[in-house]
Amino acid sequence: YALSEIHRIRAEILVKKNIKANDELIQKELDLADEVASEQNALSFELRNAMSRYVWKNTPGTLQNLRSTYGRFTEGFETKDLKEAKELMEEKASVHV
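Small disclaimer: the values here were computed from a predicted structure and weren't measured. Counting restarts for each chain: residues are numbered from 1 in the order of the written sequence. Owing to the predicted nature of the model, reporting of local features is limited to residues with pLDDT of at least 70; listing and counting of side-chain atom pairs is limited to 80 or more, with chain, interface and lining totals taken over all residues. Each side-chain value is worked out from all heavy atoms of the structure, with water and hydrogens disregarded.

1. Topic: the overall build of the chain
The line we're drawing: For helices the rule is a DSSP run of H or I covering at least 4 residues; for strands it is a run of E covering at least 2, with both sets numbered from the N terminus onward. For a compact globule the rule gives 2.2 Å times the number of residues to the power 0.38, and the radius of gyration it is set against comes from C-alpha atoms. Buried residues are those whose accessible area, probed at 1.4 Å on protein chains only, stays under 20% of the maximum for their type, while exposed residues exceed 50% and partly exposed ones sit between those limits. Between two residues, a contact is recorded if the distance between any of their heavy atoms is within 4.5 Å. Charge convention: Lys and Arg are scored as positive, Asp and Glu as negative, and His as well as the terminal groups of each chain are ignored. We put the charge of a Lys on NZ, of an Arg on CZ, of an Asp on CG and of a Glu on CD.
The number of helices and strands found in the chain is five helices and zero strands. Each helix and strand of the chain, ordered N terminal to C terminal, gives the series α-α-α-α-α. Scaling as 2.2 N^0.38, a compact globule of 97 residues should have a C-alpha radius of gyration of about 13 Å, and the chain matches this with 13 Å. Overall size of the chain, expressed as C-alpha extent along the three principal axes, is 35 × 35 × 20 Å. Residue burial in the chain is summarised as follows: out of 97 residues, 39% are buried. Excluding contacts between residues fewer than 6 apart, the proportion of contacts in the chain whose partners are at least 24 apart in sequence is 49%. A distance of 4 Å separates the average location of the 15 positive side-chain charges in the chain from that of its 17 negative side-chain charges.

The structure is reproduced here in structure tokens:
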């Protein structure tokens, strides 16, 4: 059930260590997290993975992935994860205004 989350958390730990050599391993862990979440149709885990990837890379591609994943939700917008995702996207938008 939580395998996707385990891979995501491993990636976040590596990000916090801030060692450039870990980038390949971070990418691998996030890719595994995405693969498992997708196989399980676990949209909430997909959103968490998208947020982690965006915070780590902060690129237009990761922002688009976050927006796309967020856009697949039809309910639950008051949950912590969806609120946090919206804040991340709004923060990025306000930087470019």
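2. Quick word on helix α2 (residues 23–39)
Because the α-helix completes a turn every 3.6 residues, residues three or four places apart line up on one side. Spelled out, the test is: For a helix, the expected span equals 1.5 Å multiplied by the residue count minus one. Picture the helix axis, draw a direction to every C-beta atom, and the arc is the one those directions span.
Between the first and last C-alpha of α2 there are 24 Å, a value that for 17 residues agrees with the 24 Å anticipated at 1.5 Å per step. Among the residues of α2, those classed as buried are Asp-23, Ile-26, Glu-29, Leu-30, Ala-33, Val-36 and Ala-37. In a view along the axis of α2, the buried residues occupy a sector of 160°, so they form one face of it. Pointing more than 90 degrees away from the buried face of α2 are the exposed residues Glu-24 and Glu-39.

3. Points about the pattern of salt bridges
Rule in force here: In what follows, salt bridge is the name for a side-chain nitrogen of Lys or Arg lying within 4 Å of a carboxyl oxygen of Asp or Glu.
Inspection of every chain in the model, using the stated rule, returns 10 salt bridges. Between Arg-53 and Asp-34 there is a salt bridge, with its nearest N and O atoms 2.7 Å apart. Placement of Arg-53 in helix α3 (residues 43–57) and of Asp-34 in helix α2 is noted, with a sequence separation of 19 residues between them. Of the residues examined, Asp-34 reaches a relative accessible area of 24% and is grouped as partly exposed. Residues joined in a network through salt bridges with shared partners are Glu-5, Arg-8, Glu-12, Arg-48 and Asp-81.

4. Section: the confidence of the model for the chain
Selection criterion: For every residue, the predictor assigns a confidence score, pLDDT, that lies between 0 and 100.
On average, the chain scores 92 in pLDDT, and the residues at 70 or more come to 95%. Taken element by element, the predicted model of the chain shows its lowest mean pLDDT in helix α5 (residues 80–95) (87) and its highest in α3 (97).

5. Considering helix α4 (residues 60–71)
With 12 residues, α4 should cover 16 Å at 1.5 Å per step; its first-to-last C-alpha distance of 16 Å lies within 8% of that length. All buried positions along α4 are accounted for by Thr-62, Leu-63, Leu-66, Thr-69 and Tyr-70. Down the axis, α4 shows its buried residues gathered within 130° of arc, on one side only. Turned more than 90 degrees off the buried face of α4, the exposed positions are Pro-60 and Gly-71.

6. Comments concerning the packing of helix α1 (residues 3–17) against α3
Here is the rule: Helix axes use the C-alpha atoms of the stretch in contact, all axes being lines fitted to C-alpha atoms, and the angles between their N-to-C directions lie in the range 0 to 180 degrees. Put simply, angles under 35 degrees are roughly parallel, angles over 145 are roughly antiparallel, angles from 65 to 115 are roughly perpendicular, and the rest are oblique. In this scheme the crossing of two helices becomes right-handed for a clockwise turn of the near helix relative to the far one and left-handed for an anticlockwise turn of less than a right angle. Gly falls in the polar group here, along with every residue not listed as nonpolar (Ala, Val, Leu, Ile, Met, Phe, Trp, Tyr, Cys, Pro) or charged (Asp, Glu, Lys, Arg).
Interhelical geometry of α1 versus α3 gives an angle of 15° and a closest axis separation of 10 Å. The angle between α1 and α3 places the two elements in the roughly parallel class. For the crossing formed where α1 meets α3, the hand is left-handed. Judged by residue contacts, Ser-4, Glu-5, Arg-8, Glu-12 and Val-15 of α1 engage Phe-45, Arg-48, Asn-49, Ser-52 and Trp-56 from α3. Partitioning the contact of α1 with α3 into residue classes produces three nonpolar, three polar and four charged.

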